[in-house]
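Breakdown of the fold
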Amino acid sequence: MSFDAPTVIRVKRDGGVLSDEAIDWVIDAYTHGRIADAQMSALLMAIFLRGMTTGEIARWTAAMIDSGERLDFTDLRRDGRPLALVDKHSTGGVGDKITIPLVPIVMACGGAVPQAAGRGLGHTGGTLDKLESIPGFTAELTKAQIRQQLCDLGAAIFAAGELAPADRKIYALRDVTATTESLPLIASSVMSKKIAEGTRALVLDSKVGSGAFLDTEAESRELARTMVELGEEHGVRTRALLTDMHAPLGRTVGNAIEVVESLEVLEGGGPGDVVELTLALAREMCDVAGLDGVDPAQTLRDGTAMDRFRDLVAAQGGDVDSLLAERLPIGTHIETVRAPRGGTMGDIDAMAVGLAVWRLGAGRTMPGEQVQAGAGIRIHRKPGEPVAAGEPLFTLYTDTPQRLPAAAAELDGAWSVGDEPPPTRPLIIDRISM
Ligand code: URA
């Protein structure tokens, strides 16, 4: 059967269901440059507006997996035993630096984490953009390096590269065509990478709230269920936590600034919400990987998680001395938002903070654009904390001063100081498995 892009786009534009053959053709043709970005953008917008059936999502995901190779680490051994391969992925949030402390905790508990990580998408940050703010750190690992690190250290954090290359191209296009916030596109993007990367078990963090791509709890729950099913269908033991993303996680949002906060967690401190979510995900990962009798919290107390992080950064070319001395880039131009009155910090809108940080230069407006390592926002007062009149509430950092007014404008109306604390919400809302 022969296909052409305008006909496929028209089917979805008019609310039809794409056939398996049409999906296979589109993904293959786009991966190999036989469909133009403009045509794929139109199809993505049609999917965004019309959605996809469960069958279409499953086929789209399978086609994205088949667009590249699927790694297999089941032959690897440590101390004569197969590796406990397990990974985590978040659907994207603001201040979501959890992967950075989480991976070394799971390493210290005896897991092996083959983490194909992403770059920033829309208003959300990406683990690779954050880690690349460590001088020398590279995520461009060869397959041989990934295998070696998994055996010797218990983790590798790498750019997906040739894994699901269709996702790499579609992800970059979605980022600049306002087509990120789509359940079928998020589910297939996350799961194609995670299935192709060779993990045997997976824990997903499906975000709920203004800073998430899908903001209702029902949609986030549906996304989590869809992803868990996709994982299990492809032989990956998968479960998900539904977690709150109304306010940014922690007190920092950006690139280097989030790495520094992650170090605080690894040193046994750090913001309570970051520690709580990191440990909840670590416990799920250890459980789904069959690592019995381990205590993730102990690895923070006894410093073993920090040791593993140092090993991982050094193995991937990062300058550990700069990292530990916190000599990471910080934007040279600063603006401070101060409290107009005393009282209690109200809710902080995660989406607005994410957009402000993106405007400061931490994210992209064009595919492949260089991001600023030093761009970010420090949040001095979290919701519910007491505020004194005139004290700093937010500090904005960038290397390009002309970005400051637009970033500050994003924060307008995104927070308040009042007399009463805002309602509290649980951070971990639910757990979803099959
Ligand atoms: N993470 C991904 O890998 N893809 C998305 O679409 C959203 C979050």
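Structure first, text after, so check above.
This text gives an overview of the structure that appears in the document.

Rules of the game
- Residues numbered from 1 in each chain as written.
- Predicted model: local features only at pLDDT ≥ 70, side-chain atom pairs only at ≥ 80, totals over all residues.
- Heavy atoms only, no water.
- Pairing = 2+ DSSP bridges.
- Helix = DSSP H or I, 4+ residues; strand = E, 2+ residues; numbered from the N terminus.
- Axes fitted to C-alpha atoms, helices over the stretch in contact; angles between N-to-C directions.
- Contact = heavy atoms within 4.5 Å.
- Near = heavy atom within 4 Å.
- Polar contact = N/O pair within 3.5 Å; in protein donor to acceptor, adjacent residues only side chain to side chain.
- 1 Å grid on protein atoms, 1.4 Å probe; cavity = no way out; pocket = protein on both sides within 12 Å on 5 of 7 lines; lining within 4 Å.
- Sits in = over half its atoms within 2 Å of the grid points.
- Nonpolar A, V, L, I, M, F, W, Y, C, P; charged D, E, K, R; others polar.
- Expected span 1.5 Å × (residues − 1).
- Buried < 20%, exposed > 50% of the residue type's maximum accessible area, 1.4 Å probe, protein only.

If you walk across this open sheet you meet the four strands as S8-S11-S13-S9, and the pairing is antiparallel. Strands at the two margins of the open sheet, each flanked by one partner only, are strand S8 (252–254) and strand S9 (333–338). Strand-to-strand twist in this sheet, taken as the mean axis angle between neighbours without regard to direction, amounts to 15°. Where S9 lies against strand S13 (residues 392–398), six bridges are found, and the strand directions are antiparallel. Paired with Ile334 across the strands is Tyr397, a residue of S13. The strands touched by helix H11 (residues 256–266) are S8, strand S11 (376–379) and S13; relative to S8, the strand with the most contacts, the crossing angle is about 140°. Contacting S9, S11 and S13, helix H17 (residues 404–411) runs over the sheet at an angle of about 145° to S13.

Quick look at the site of the ligand now. Neighbouring the ligand are the residues His89, Ser90, Thr91, Leu121, Tyr171, Arg174, Ile186, Ser189, Val190 and Lys193. Between an oxygen atom of the ligand and a side-chain N or O atom of Arg174, the distance comes to 2.8 Å. The contact in question runs from an oxygen atom of the ligand to an N or O atom on the side chain of Lys193, over 2.6 Å. Of all the cavities here, the one that holds the ligand is the largest cavity. Elements that contribute at least two residues to the shell around the ligand include exactly strand S3 (86–90), helix H8 (165–175) and helix H9 (183–196). Across the shell around the ligand, the residue classes break down as four nonpolar, four polar and two charged.

On to helix H10 (residues 217–233), then. Taking 1.5 Å per residue, 17 residues should reach 24 Å; H10 reaches 24 Å between its end C-alpha atoms and fits that length. Along H10, the residues that are buried comprise Ser220, Leu223, Ala224, Thr226, Met227, Val228, Leu230 and Gly231. Turning to H10, the residues buried within the fold contact helix H4 (54–66), H9, strand S6 (201–208), strand S7 (237–244) and strand S15 (428–432).

All right, on to the side chain of Lys130 then. For Lys130, the position within the fold is in helix H6 (residues 127–131). Here Glu258 takes part through its side chain, which lies 3.0 Å from a polar atom of the side chain of Lys130. When near neighbours in sequence (up to four residues on either side) are disregarded, Lys130 contacts Asp96, Lys97, Ile100, Gly125, Gly254, Asn255, Glu258 and Val259.

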